[in-house]
Each structure stands twice: as C-alpha cells, then as structure tokens.
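Observations on chain architecture
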Amino acid sequence: MIFDRLADAIVKHAKLIMVLWVIILLVAVPFAIKSGSVMSYDTNDMADPNSESMQGFGVISEYFPSSDADVSSVPIIVMHYDDENGLMQAQGLLEMLNASLGEYLDEDGQQKLMAFMAMAPQEKDDGSGILMIGAVYNPELDIDGTNDTPLLRDFIHDVEDKFAGTINGEYEVDVYLTGNTAMMYDMSTGAAQDISRIDPFTILLILLLVGLFFRSFVSSATPPLTIGFAFVVVLGLIYGLGHLFNIFFITEMMLLVSMMGAGCDYCIFIIARYREELRSGKPHEEALHQAVVWAGESIAVSGASVIIGFGAMSICSFSMVSTMGICLALGILVALLAALTLIPSVLALVGDRIFWPSTMKAYQEGGKATKGWYAACGRVGQRYFEASSRFSMKHAKVIVLAALLLTVPAAYLVFTSETSYDMTGAMQTGESGEGMDLIGDYANQGLLMPDYVILDYNEDIATITVDPQSGSNVLIWSEAWTNDIRPSLTSLSSSIMEDDNIAYVLMPYEWNEEVADAMASGKVDPTDTGAVLDYVVSVAPATVSQYLEAVIPEMQKSYISALIQQGVPAEQAPIMANGMIIKQGGPMIDYIVNCSGGILGGSYVQDGEIVQGGADIIKLSVATKASAMSPTSMDSISHVRGCVDDYVAANDSIVTEKWITGSAVVMFEVSEVISGEFNNIELLVVVLIIILLFVVMRSYTIPFRSVLTILMSICWTLAMTHVLFVNVLGGEVMWLIPLILLVICLGLGMDYDILLTTRIKENVKARGLSNDEAIHQAVTHTGSVITICGLIMGGAFGTLMLSSMVMMQQFGFALCFAILVDALVVRTYIVPAVMHLLGDWNWKCPKFMAGKSKDAE
C-alpha cells in the first residue's frame, strides 16, 4: 500500500524531508514577499477578452481620444452639506480648489490637474444635498489615477483645512474622494488591512482550539506553523502564476483561510491519530506508522475531494473564478503534502514530546489528563458522542424526515431569491465607499458607471479639420448625419428612455441645434444673447455642461479681446462676443464636446492623439438611476440590448457593427456565461467526487449519500445567508456566493464525511465490527476530532466576516455556517442515521472491488 511505503520512508528519512521543506521555503520567500504586486483589483480585467463588451472597450481605446471608457475613471469629489449655507461653503471650497491647482505638481514640477468641474447640486426636500466635482487630470501627463489617489486626497484635505480656517462660524461640509480610481485604491489598501486583521485572529483561534484539544503549547503551534510554511511556498508560486494570468486580490484572502482551515485539519487528524495509537499502548514507530496509514488515507481522500472542488473552478471563462480555483487547489495540494510529509517527519523526530508539557503518562490511569477539568471535558465529550450515535440510530427515520422537511422551505427560498451583480458595491470600502453611498442617496449612482452603445457607420458622421482663421480644430457635420443618422439615432434614444430606470442617453451634441431650441423655447429672450448662452448651458447634460462651462468663458475672453482691438467699445464687446459664440462657435464647441468628450470616434484618432480626419463611430452613454450593477439595472441592460438590436436591424444599410459595453455590461455578460458554466462545473465536481468515493470506499451507496447530505447542508446555508444579509441586514447576496459556495463546500464539506466514513470502513473491513457497532465506534472516536476540526475550519472562514467588504463578509458567513453545520449536525446525526438505515447496503460494491482488509493484507 502507498501509505505503508510513505510511513516507512518518513521514519527512515525524516531529517532529509525537513531539510527539503526548509530549502523550498527559503527559495519561495523572496517571491512570496512580492506576490501582492501581481494581484488585480479591476473586475474588467477578469472578463473574457473575446466578449462583446471587452471588444467594445478595445474599440473605445483605439478609436476614441480617451483610453478610459468609464466616467468613473475621473476622480469624483463629493461634498455633502445640510443646508443652503453648507452649499455656499461647498462652492467656496470649489473656488479655492481651482485657485490652488498650481500647487498640485508632479515630481518634475508640472501641474497635474487642469480643473475641478462641478455638476449641478443634487438635493433633497430638507435642503441637504451633495455637490459632485470631477478632477480633470492634465492629458499631457501619464498619471496613474489609482496610485495618485492618496496624494490627491491629501491635497484636497489640505485645501479644505485652509478654507475652513477662513470661515466665520461652523464649517458644515463633509468631503469625500470617490470614483473608480479611488475605489480601486481603497480596495487594495482595504484588502491589506483586512488581511492584517484577519490573519492574526485566524492564527490565534487555531492556537487556542488546538491547544485546548491537545493540552499542549507545542501541538497547538505545530499545525499553523506547518501550514504557514506551505502558505509562503504557495505565495511564491502565485507570484509566478500572476505573470501568466490575472489573479484577483480576494484570492489571497480566501487562500489563507482555506489553507489554514483545511490544512490544520489534516495536521490535527494525523497528530490525533498518533496520540490515539500511543494511548492504546503501541510503541512510537508503530503508532506513527498506523497514523500515517489510516489518517493519511483519510486526509488524502479528503484533500483530493477539496482539490476537485477548487480545481473544477479553473474551467470557468471568468478569470476571477478560474484563477481563484487554480490558486486554491494549489494551496490545498501543498497543504496536504505538508500534512502528509512534514508533520509525520516532525513526529518521527520529536515523538511524544510534541504534546509537551503533557506526556503520554498523563493519559494513563491516574495521570493528570484523567483528572480535573480536562478529563471532565473529555468524559462529557465522549458521553455526548456515544449518546448522539445511539440516538441517531434509534431515531434514524425521524432524523432523516426532519432533515428533508427542513430542506424543502430552504430550497424554495434559495431558488426564489434574487442575487446582486454589484461587485463594485460589494467590495467598496473606506472614503470612496462613503462617497458612493452619498451619491446613491442623493443622485443616480449609475451616473458614475454608465453603459455604452457603440455604433460604427459606413459613412463619416463628421469631419475634424483646422479652422484657417483661428488655427483651432473644428467639427463639421456631414449630410449623412443630418439627413439619415441623426433622425434614426433620436428614435433609438427615445426607445431606450422608455425604461423608467434610464436616467439619460447622451447623444452627439450639436451647438446650433441647442441654440435654435433655446430661442424657440419661449423661456428666454432671443435678443438677450447672454441669457441664451446661460440657458443652453443650464439645460445641457452634466457631462456636457462641464465642457461648456470651461470653453465658453475662454471664447468670450478671446472674442472680446479681438473686438476691442478692432475698435469696438468695451461695453458693447461682451454682447457682440456672445452673439459671435451663438452664431459662429458651433464647429469649435461641437469639436470640444464630441471629440474631447469621447462621443465621436474614428480615423481622426491615431495612437490616442487627435489628428485631422473623419469620425464614423458614435458612443452613446446610457446612465441608470439605480446602481449600475443592481438587479434593476441588469434588466435595463437587457432592454438596451433589445432596442439596439432592433435599431441595427432597421438601419443595416448605414450601421456596419455595434457593441454594448461598460463595467456593468461586462458583469452582466460574465454572469450570463458563468450561470451556464457553473452548471457544468457543479456536475463535474459531483461526478468526480462520486467516482473518487466509489473507488476509495468500494461502495455503491456511500458516494451518493455523501453528495446528497452535502447538498442539503449547502441548501440550509444559502437560505440562512439570504435571511441574514437580505431580510435582517437589508442588503443583497452577491451572485457569486451561491455558485462558488456550492463548489467549495462539495470539496471542503466532504472532509468530515470522509474522515468519519473511512473510520467506519476501517471498523467494518479491518476489525470485523457490525455496521451499527462500526458507526457507534467511529462517531465516538472521531467525534471530538471532527468537532475541533470543524470549529477550526469554520472559525478560519468566519474570520472573513471581519473584512470591511460586504462580499467577503458573505463568503465568511456562508462558509463558516456550512462547515459548522456539516461538522456538528450532519456528520454527528444525519450521516449515522442514514448509514444505519442503509445497513449492509453501505458496503455493496462490484465483486472485483471487494478486496481484503488492510490488516489481512
């Protein structure tokens, strides 16, 4: 047998094995330290590059002036105030920020920001509101907005402190920096803070529980130290893998707790079996041999089932899931190897000193371990598991029926509950998260993460050229735009706006059309050019008005200066300048809004730079009222898709290709693909685990019974997760939770089933006990070990609830609850009850598999 040979090899070469592990650790350390540098924090990086949404991002990057597809790539300052006085203070702070732009410089002394542009205040009936301000970076500088976030925050808050010092009275404005770049920065720093908070708690929990179980400082430290070795090795391997594909940052958090939970379980099971064999009177080498043979087989099968569960995730096309599966499977494999080789090598060298300050004499009759609180707890535990096994077999039918009755409503809740796609919201934390919450309270959160409809036409929409008089770039609309494209596009916009959740559709902007509408509106005097300009700016969408508010004053200054030089009186120059902007400013304003604003794309863009040429691609921005990734907005994406498909079908003579993209669309496509893929992944996991158990357990029924009991506990877990996070806390359960939980628990949850069932098999096959007596002995002898292992693994996953990110809290609760229910309820009561009812059917198998027992061999 392989585990007999492994046990012999460990006894002979224990020192060599430990030296090899130390060498591997020393090689891995330099790479493990740098593993954080290969982690990704952008959900867009996780998608299939061949999907429509990712191809759409590629079109934006190649054919539009700005390579950033989301409005949220611009840092957003959110100023919250309670009344009109607070609004005035916010506007004063905005003025001081713009006046201080020259103070915010890069290392070469160049000004990093061009302007702070404000949108219209968003207020409630009580007078409170927010002022949203975009921080526009200098396009000539290569600035990483994510890395610049802490510096920009310091600059903003320094200016805020100066401004507050000028206020006579109480300063009433709260300032937050948010937007996509700030959120990515906060996620990275939040993850690091979470790990620094979770890791010590996980290790302390393991030390405490293992220490109480073995009554030993050395025994309590050995499993976490061993798995710590393995964790560093895996981080070194992940550093290498990170250069091959994207690894999402939550993988590192999941890796630690899964390795600590499962890996420590494997270590404890071997140490506990070694102690049990010593207590039965076996000498050191024989006790170690038996521990490796029997416990080694159990943890190898358990580890294999976990690796199957994690490994199956690798076939998912969503790289966040696939790379997580690869890394977690690798982590469990290395942890399993450490438990099978390093732990027995330590035992081979130190013997029963592993239990210091306790000794094996303490467990003999009259020893310390047979007296006092420890012995009392041990006797209570033993009596409990003896009683639970008898109770389970005596009331087996009632227990099974009760479990089924509990599963029915839980399954109904799981299958009828909605899940959320808002991964950004579920992972937001820190100052940027508070800012996003305020935007959600006062405005449309979808404004910061719009969807994009990209349409490629077979004719130029406009031409970008140079005005011979001013030398500035201007935009000239084509006849195709005026006669065909604009009318059809207006119809598309109207059909998209039929969805009540759509806040706006941003189309190409035409200055002359807007001026004509203003003069015909009856709301302004057409002869009052200043009023006309103010009205046109006031009715423009927020993303357009920020350009108008910047360019119109500059045009006014230029025209006024030229007019005065021509001899026009100073008092008449402003009026005439306004008239010139209204009549002649269209081509320049249209160029700035549509080209600089990233609405039109085409051959006029080369390598991200604007040159003269044609524009034949339009990017419509579609913003939702609800959060961009909420279930309501996901339905809106389906509505937009339908409208666009109908538009393309009706205008196929002018539209050559279309793409729908945006961060929310990426997630929508990912969820559609994964929902189908996970059915295959789950089926693959179930089939592979059934085959594994069929081969190892040599039974027709045990594999199916194991999978069904795991699925039952998963169903209970998902129901409780929905009740807690939706009904109690008023949030939403992330769509990834049910999918990943099922796969992970089919692997991890199988641990305790295998540990119990292999012991029952040992009692039946090797010791010749009856089915019921084998169940009773197995539950009695493994109950305390499975319980402590369940508490350790459940506690390890439970520490994820200390995270500042909602998604990690949900993962933590769900995995903790699933593991504890499986270890404390399912394995203690339901499995013995079902195996009692099955009787000899537990051990029915093909004749060729009905071999001899290990003892006989």
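Everything here concerns the structure above.
The text that follows walks through the structure, step by step, so that each part is easy to find. Keep in mind the model is a prediction, meaning the values are calculated, not measured.

A short note on the overall build of the protein chain
- In terms of regular secondary structure, the protein chain is built from 26 helices and 17 strands.
- Taking the principal axes of the C-alpha coordinates as reference, the protein chain spans close to 115 × 60 × 50 Å.
- Buried residues in the protein chain amount to 58% of all 857 residues.
- For the protein chain, contacts bridging at least 24 residues in sequence account for 79% of all contacts bridging at least 6.
- Considering the protein chain, the positive charge centre built from 42 side chains and the negative charge centre built from 93 side chains are found 28 Å apart.

Remarks on the packing of helix α20 (residues 631-650) against helix α21 (residues 663-697)
- Running from N to C, α20 and α21 cross one another at 95 degrees; their axes reach a closest spacing of 10 Å. When the interaxial angle is binned, α20 and α21 end up roughly perpendicular. Along its contact with α20, which presents Met-634, Ile-637, Ser-638 and Arg-641, the element α21 presents Ala-664, Val-665, Met-667, Phe-668, Glu-669 and Glu-672.
- Its residues assigned to classes, the contact of α20 with α21 comprises 6 nonpolar, 1 polar and 3 charged.

Digging into helix α2 (residues 52-63)
- Its 12 residues give α2 an end-to-end C-alpha distance of 16 Å, which sits within 8% of 16 Å, the value for a rise of 1.5 Å per residue.
- Where α2 is buried, its residues touch β8 (451-457), β16 (617-624), β17 (655-661) and α21.

Side note on unusual backbone geometry
- At Arg-698, a residue that is not glycine, the phi angle is positive and equals roughly 55 degrees.
- Relative to the helices and strands, Arg-698 resides in the loop between α21 and α22 (702-728).
- The partly exposed category is assigned to Arg-698, whose relative accessible area is 28%.

Focus on the nonpolar core
- Leu-455, Tyr-457, Leu-489, Trp-511 and Leu-548 are the most contacted members of the largest nonpolar core, which has 257 residues in total.
- Take this core: its biggest share by element is 19 residues, from helix α7 (residues 250-279).
- Those residues in contact with Leu-455, other than ones at most four positions away along the chain, are Leu-489, Leu-492, Asp-616, Ile-617, Ile-618, Leu-620, Val-644, Tyr-647, Val-648, Val-655, Glu-657 and Lys-658.
- If you look at the next biggest cluster of nonpolar residues, it comprises 25 residues, including Leu-94, Tyr-104, Tyr-137 and Val-159.

Concerning the packing of aromatic side chains
- Following the criterion strictly, the structure yields 11 aromatic pairs and no others.
- For the ring pair Phe-217 and Trp-356, a centre distance of 6.3 Å and an interplane angle of 50 degrees mean the geometry is tilted. Here the residue Phe-217 occupies a position in helix α6 (residues 217-241), and Trp-356 occupies one in the loop between α9 (319-350) and α10 (372-394), the gap between them amounting to 139 residues. One exposure class covers both Phe-217 and Trp-356, and it is exposed.
- Look at Tyr-274 and Phe-355: their rings are 6.2 Å apart centre to centre, the planes differ by 20 degrees, and that puts the pair in the stacked class. In this pair, Tyr-274 sits in helix α7 while Phe-355 sits in the loop between α9 and α10, placing the two residues 81 residues apart along the sequence. Neither Tyr-274 nor Phe-355 differs from the other in exposure class; each is buried.
- Put simply, the rings of Phe-725, Phe-813 and Phe-817 pair up and form one aromatic cluster.
- Over the aromatic face of Phe-64 sits the side chain of Lys-619, whose NZ or CZ is 5.5 Å from the ring centroid.
- Across from the ring centre of Trp-841, 5.9 Å away, lies the NZ or CZ of Lys-844, which sits over that ring.

Topic: the sheet that holds strand β9 (residues 462-466)
- Across the sheet, 3 strands lie side by side as β10-β9-β15; this open sheet has antiparallel pairing. Strands with a single pairing partner mark the edges of an open sheet, and in this sheet they are β10 (473-477) and β15 (613-615). Within this sheet the neighbouring strands show an average axis-to-axis angle of 30 degrees, counted without direction.
- Across the face of the sheet, helix α19 (residues 586-596) comes into contact with β9 and β10 while running at roughly 95 degrees to β10.

So, how was this worked out
Residues numbered from 1 in each chain as written. Predicted model: local features only at pLDDT ≥ 70, side-chain atom pairs only at ≥ 80, totals over all residues. Heavy atoms only, no water. Helix = DSSP H or I, 4+ residues; strand = E, 2+ residues; numbered from the N terminus. Buried < 20%, exposed > 50% of the residue type's maximum accessible area, 1.4 Å probe, protein only. Contact = heavy atoms within 4.5 Å. Lys, Arg positive; Asp, Glu negative; His and termini not counted. Charge placed at Lys NZ, Arg CZ, Asp CG, Glu CD. Axes fitted to C-alpha atoms, helices over the stretch in contact; angles between N-to-C directions. Parallel < 35°, antiparallel > 145°, perpendicular 65-115°, else oblique. Nonpolar A, V, L, I, M, F, W, Y, C, P; charged D, E, K, R; others polar. Expected span 1.5 Å × (residues − 1). Core = buried A, V, L, I, M, F, W, Y, C linked by side-chain atoms within 4.5 Å. Phe/Tyr/Trp six-rings, centres within 6.5 Å; stacked < 30°, edge-to-face > 60°. Lys NZ or Arg CZ within 6 Å of the ring centre and 35° of its normal. Pairing = 2+ DSSP bridges.

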